[in-house]
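A closer look at the structure
The chain contents come next:
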Amino acid sequence: PNGSPLAIPVSLCPEWIDNPVMTVPGLTRPWGIDVTEDGLLIVSECFNYRIAVLDKERRRLKLFGSKGSKPGQFNFPSGVAITPNRTVLVGDSSNHRIQEL
């Protein structure tokens, strides 16, 4: 509600060609995004201090993380990437680290 809409370029998700800009209610300052081979979206929400996993229909499947500096906590998560073995890497910018989840 108080966040910016998430815009995803069509080139990332060609199966959504009929909907080139998608809005996901509830996301707050989405900063980084990656797409799994099966089309799940992994989004870092910078000001919610969490990672969101969305399906192709934009439904939230999972949220994880909270504000802090312990493992699994974030302080302004920015970049996110998925490795070939489906490990999630998160650039945890203000904690000056990359977390492997």
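Residues numbered from 1 in each chain as written. Predicted model: local features only at pLDDT ≥ 70, side-chain atom pairs only at ≥ 80, totals over all residues. Heavy atoms only, no water.

**Section: the confidence of the model for the protein**
For the protein, per-residue confidence averages 80 on the pLDDT scale, and 75% of positions sit at 70 or higher. The low-confidence segment residues 1–17 (pLDDT under 50) makes 34 contacts with residues lying over four places distant or belonging to another chain. (pLDDT = per-residue confidence, 0-100. Contact = heavy atoms within 4.5 Å.)

**A closer look at the nonpolar core**
Soluble globular proteins tend to pack their nonpolar side chains together in the buried interior. The biggest cluster of nonpolar side chains holds 9 residues, and these are Leu40, Ile42, Ile51, Val53, Phe74, Val80, Ile82, Val88 and Val90. Every element with two or more residues in this core is listed here: β3 (50–54), β5 (77–82) and β6 (88–92). Ranked by size, the runner-up nonpolar core spans 5 residues in total, among them Leu27, Val43, Ala52 and Leu54. (Core = buried A, V, L, I, M, F, W, Y, C linked by side-chain atoms within 4.5 Å. Buried < 20%, exposed > 50% of the residue type's maximum accessible area, 1.4 Å probe, protein only. Helix = DSSP H or I, 4+ residues; strand = E, 2+ residues; numbered from the N terminus.)

**Looking at the sheet that holds β6**
Read across the open sheet, the 3 strands follow the order β5-β6-β7; overall the sheet is antiparallel. A single partner strand is all that each edge strand has here, and the edge strands are β5 and β7 (97–100). Strand-to-strand, the axes of this sheet are offset by a mean angle of 20°, without reference to chain direction. Here β6 pairs with β7 via 4 bridges, running antiparallel. The residue of β7 that forms the bridge with valine 90 is glutamine 99. (Pairing = 2+ DSSP bridges. Axes fitted to C-alpha atoms, helices over the stretch in contact; angles between N-to-C directions.)

**As for the pairing of strand β4 (residues 60–64)**
Across 4 bridges, the pairing between β3 and β4 is antiparallel. When the sheet's bridge partners are listed, valine 53 is paired in β4 with lysine 62. Between the antiparallel neighbours β3 and β4 lie 5 residues, among them arginine 58 with a positive phi of about 70°.

**Comments concerning unusual backbone geometry**
Positioned with a positive phi, arginine 58 is a non-glycine residue whose angle comes to about 70°. Looking at where arginine 58 falls in the secondary structure, it is placed in the loop between β3 and β4. A positive phi angle, near 70°, is found at arginine 86, a position not held by glycine. Along the chain, the position of arginine 86 falls in the loop between β5 and β6.

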